[in-house]
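# Structural description and commentary
Here is what each chain is made of, one letter per residue.
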Amino acid sequence: MDVAGAVLGITYVILEYRASIWLWAVSIIMPIVHGLLYYNKGLYADFGMEFYYVAAAIYGYACWRWGNKDKESKHVPITHYKRSHILPSIIVGVALWAALYWFLTTCTDSRVPILDSFTTALSAVALWALAKKYVEQWLLWLVVDAVCFGLYIYKGIPFTACLYGFYTVMAVAGYLKWEKMVVNESVSR
């Protein structure tokens with residue numbers, strides 16, 4: 001499961017880097033593999049997050065396929081995070097982190113409830129930002145990926161840890177690439 005998840009994860013991040021709509025197809029399969037792996041390793045919030053990932057993949061595909069398209073390119077443009085979304089995103093992220101932390105500490109035997117709940121909450125916000133094609137989604141993933149890299153080493157999932165190390169590097173590269181691809185920056189700010 002660890003190796004299969006890593007292969008799917010590499011495929012996913014390459015498609016994301018290229019801003020390919022096919023990333024959403026991979027993101028429907030990948031959560032099943034990762035979900036089983038996380039459950040077996042006691043990463044219960046990460047396991048639960050995989051259900052969200054499947055639903056978010058369907059939402060993301062719909063946003064990219066039928067969202068507000070650029071008239072010239074016929075694609076949903078990459079834009080910047082809207083300022084009006086920053087405070088609600090922070091509130092949702094912190095509330096989700098607190099709720100997940102409470103759940104993990106009261107209902108599971110998790111040994112890493114703070115980090116497990118943090119990465120899961122921030123991933124929820126980052127995945128929404130990806131569905132909206134915001135450049136800054138890469139910065140959110142940078143934090144998630146760096147923390148997960150250390151967490152997965154600690155939990156003894158070496159291939160997935162390496163995958164998240166790769167994700168960390170790709171988050172920087174993806175941010176730089178998407179920044180160059182921004183369309184109509186002044187409209188989204």
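Look up a bit, the structure's there.
Below: a short report on this structure. What you see is a predicted model, and the numbers here were worked out from it, not measured in a lab.

A word on the packing of helix α6 (residues 137-154) against helix α7 (residues 158-181). Interaxial distance between α6 and α7 falls to 8 Å at its minimum, and their mutual angle equals 165°. As the angle between them shows, α6 and α7 are arranged roughly antiparallel. Between α6 and α7 the crossing geometry is left-handed. When α6 is examined against α7, the residues Gln-137, Trp-138, Leu-139, Trp-141, Leu-142, Asp-145, Ala-146, Cys-148, Phe-149, Tyr-152 and Ile-153 are found in contact with a partner set consisting of Thr-160, Ala-161, Tyr-164, Gly-165, Tyr-167, Thr-168, Met-170, Ala-171, Val-172, Gly-174, Tyr-175 and Trp-178. Looking at side-chain class alone, the contact of α6 with α7 contains 17 nonpolar, five polar and one charged residues.

Contact geometry of helix α2 (residues 23-40) with α7 gives a least axis separation of 13 Å together with a crossing angle of 130°. Between α2 and α7, the crossing angle belongs to the class labelled oblique. Of the residues in α7, those in contact with Met-30, His-34, Leu-37 and Tyr-38 of α2 are Thr-160, Leu-163, Tyr-164 and Tyr-167. Split into classes, the residues belonging to the contact of α2 with α7 amount to six nonpolar, two polar and no charged.

Moving on, we come to unusual backbone geometry. In this model, Ala-19 sits at a positive phi of 60°, which is unusual for a non-glycine residue. Relative to the assigned elements, Ala-19 resides in the loop between α1 (2-17) and α2.

Conventions used here
- Residues numbered from 1 in each chain as written.
- Predicted model: local features only at pLDDT ≥ 70, side-chain atom pairs only at ≥ 80, totals over all residues.
- Heavy atoms only, no water.
- Axes fitted to C-alpha atoms, helices over the stretch in contact; angles between N-to-C directions.
- Helix = DSSP H or I, 4+ residues; strand = E, 2+ residues; numbered from the N terminus.
- Parallel < 35°, antiparallel > 145°, perpendicular 65-115°, else oblique.
- Left-handed = near helix turned anticlockwise from the far one by under 90°.
- Contact = heavy atoms within 4.5 Å.
- Nonpolar A, V, L, I, M, F, W, Y, C, P; charged D, E, K, R; others polar.

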